[in-house]
Amino acid sequence: MKKKEISVSILDCNFNNIKKEINKINNSNSDYIHVDIMDGKFVPNIAFDDETIKKVNLYSTKKLDYHLMVKNPNDYILKCAKNSADIISVHYEENDNVYNNLISIKKLGCKAGLAINPSTKISEVSKLFKDIDILLLMSVQPGKGGQKFLDSTFNKIIDSKKLIDEMKYQVKIEIDGGIDNKVSRKLFDLGSNILVSGSYIIKNKNFNSAITSLRD
Ligand code: DX5
Ligand code: ZN
């Protein structure tokens, strides 16, 4: 059976005790730590400073999954690669260099992810499927944790999965935003490979039981 991968978003962690929070994730049955990078321009919020990124890399024993919500991904790609990125995802929107970004990420030995907002259509980005390892479908508006999952995501998974299978592309589908155990089963059943979950896991005292409930 296909592996059901979970990427824990640390956006809503307690950053006063980052070591403890990362250790809790290290000791859990998650696959990745999802690191949201925001520049205050692509989205209004700002996250994370260089010091925090270094600490996450230092303390983490999990694979790191970077999600760049920034105007100029090029300014961040090398930094993420140097901080042990397994995946680096760049947004399609407001990005004139998306193809070059994807190539740079691969040249640095990382997996190249293409992130798209809820309003961006699959038909608009499918030309890039041959160049990516990960398709990151946002299931909330990018910018903050704890939002409500958008049901319009389901059809986008169906459409992308169909295309990926038809063309035999080696692309994993990752879903990000508002994910809890009420929607996770359907997301995996429709063909998603990686689910990002932040507030649902972080607010649960027992990370392992929350993560297991997303896979059940
Ligand atoms: C939203 C971020 C998400 C977010 C997920 O812009 O990209 O990764 O932190 O958190 P939840 O699961 O709380 O929606
Ligand atoms: Zn994210």
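The preceding data block contains the structure.
Just so it is clear, the model here is predicted, and its values are computed rather than measured. (Residues numbered from 1 in each chain as written. Chains lettered and ligands numbered in written order. Predicted model: local features only at pLDDT ≥ 70, side-chain atom pairs only at ≥ 80, totals over all residues. Heavy atoms only, no water.)

J.: Please explain the site of ligand 1 as it appears in this structure.
T.: By nearness alone, 19 residues border ligand 1, and G143, D176, G178, G198 and S199 come closest of all. Between ligand 1 and the protein, one listed contact pairs an oxygen atom with a side-chain N or O atom of H67 at 3.2 Å. G146 is positioned with one of its backbone polar atoms (N or O) 2.8 Å from an oxygen atom of ligand 1. Coverage of ligand 1 by the protein amounts to 99% of the 380 Å² it exposes when considered alone. Considered class by class, the residues forming the shell around ligand 1 number 5 nonpolar, 11 polar and 3 charged. (Near = heavy atom within 4 Å. Polar contact = N/O pair within 3.5 Å; in protein donor to acceptor, adjacent residues only side chain to side chain. Areas by Shrake-Rupley, 256 points an atom, 1.4 Å probe, with all protein chains shown as cover. Nonpolar A, V, L, I, M, F, W, Y, C, P; charged D, E, K, R; others polar.)

J.: I keep staring at the coordination of the zinc ion (ligand 2) and nothing clicks. Help me out?
T.: For a metal with four tetrahedral donors the ideal donor-metal-donor angle is 109.5 degrees, whereas six octahedral donors ideally subtend 90 or 180 degrees. The protein atoms that coordinate the zinc ion (ligand 2) are H34 (NE2), D36 (OD), H67 (ND1) and D176 (OD), at distances spanning 2.1 to 2.3 Å. Every donor counted, the 6 donor atoms about the zinc ion (ligand 2) form angles of 70 to 172° at the centre, which fits octahedral coordination. When the donors of the zinc ion (ligand 2) are listed by position in the chain, the intervening gaps give H-x1-D-x30-H-x108-D. Residue H34 is found in strand 2 (residues 32-39), and its partner H67 is found in strand 4 (residues 63-69); the two are separated by 33 residues along the sequence. Judged on exposure class, the residue H34 and its partner H67 are both buried. (Donors = N, O, S within 2.8 Å, 3.2 Å for Na, K, Ca; no water. Tetrahedral: all angles 85-135°; square planar, octahedral: opposite > 155°, others 65-115°. Helix = DSSP H or I, 4+ residues; strand = E, 2+ residues; numbered from the N terminus. Buried < 20%, exposed > 50% of the residue type's maximum accessible area, 1.4 Å probe, protein only.)

J.: Hey, could you run me through helix 2 (residues 50-59) in this one?
T.: Note: α-helices contain 3.6 residues per turn, so residues at a spacing of three or four share the same orientation. Within the sequence span of helix 2, burial applies to T52, I53, V56 and N57. One side of helix 2 carries all its buried residues, which in axial view fall inside an arc of 135°. Considering only its buried residues, helix 2 is in contact with helix 1 (18-26), strand 2, strand 4 and helix 3 (74-82). (Arc of directions from axis to C-beta. Contact = heavy atoms within 4.5 Å.)

J.: Could you clarify how one ought to interpret the side chain of S197 in this entry?
T.: For S197, the position within the fold is in strand 9 (residues 194-197). Look at S197 and you get buried, because its relative accessible area is 1%. Within the local environment of S197, its side chain forms a polar contact with the backbone oxygen of I179, the two atoms lying 3.0 Å apart. Residues in contact with S197, not counting those within four places in the same chain, are S7, V8, S9, I179 and L214.

J.: Please clarify how the packing of helix 1 against helix 2 should be interpreted in this entry.
T.: Two packed helices can be described by the angle between their axes and the distance between those axes. Running from N to C, helix 1 and helix 2 cross one another at 40°; their axes reach a closest spacing of 9 Å. Between helix 1 and helix 2, the angle is such that the two are oblique. Our pair here, helix 1 against helix 2, has a crossing hand that is right-handed. When helix 1 is examined against helix 2, the residues I18, K19, I22 and N26 are found in contact with a partner set consisting of K55, V56 and Y59. Considering only residue class, the contact of helix 1 with helix 2 consists of 4 nonpolar, 1 polar and 2 charged. (Axes fitted to C-alpha atoms, helices over the stretch in contact; angles between N-to-C directions. Parallel < 35°, antiparallel > 145°, perpendicular 65-115°, else oblique. Left-handed = near helix turned anticlockwise from the far one by under 90°.)

J.: Can you walk me through the pattern of salt bridges in this structure?
T.: Any two side chains of opposite charge can pair, on the condition that their charged atoms come close. In the structure shown here, the tally under the stated rule is 10 salt bridges. Note that D50 and K79 form a salt bridge whose closest N and O atoms lie 2.7 Å from each other. With D50 in helix 2 and K79 in helix 3, this residue pair connects regions lying 29 residues apart in the sequence. Here the salt bridges share partners, and the residues they tie into one network are K3, D31 and R215. (Salt bridge = Lys/Arg side-chain N within 4 Å of Asp/Glu carboxyl O.)

J.: Is there a simple way to explain the nonpolar core in this structure?
T.: Inside soluble globular proteins, nonpolar side chains tend to come together where they are buried. In this structure, L68, L114, I175, L187 and I201 are the most contacted members of the largest nonpolar core, which totals 63 residues. In this structure, L114 is in contact with S89, V90, Y92, V98, L102, V125, L128, I132, I134, L135 and L136, ignoring residues within four places of it in sequence. (Core = buried A, V, L, I, M, F, W, Y, C linked by side-chain atoms within 4.5 Å.)

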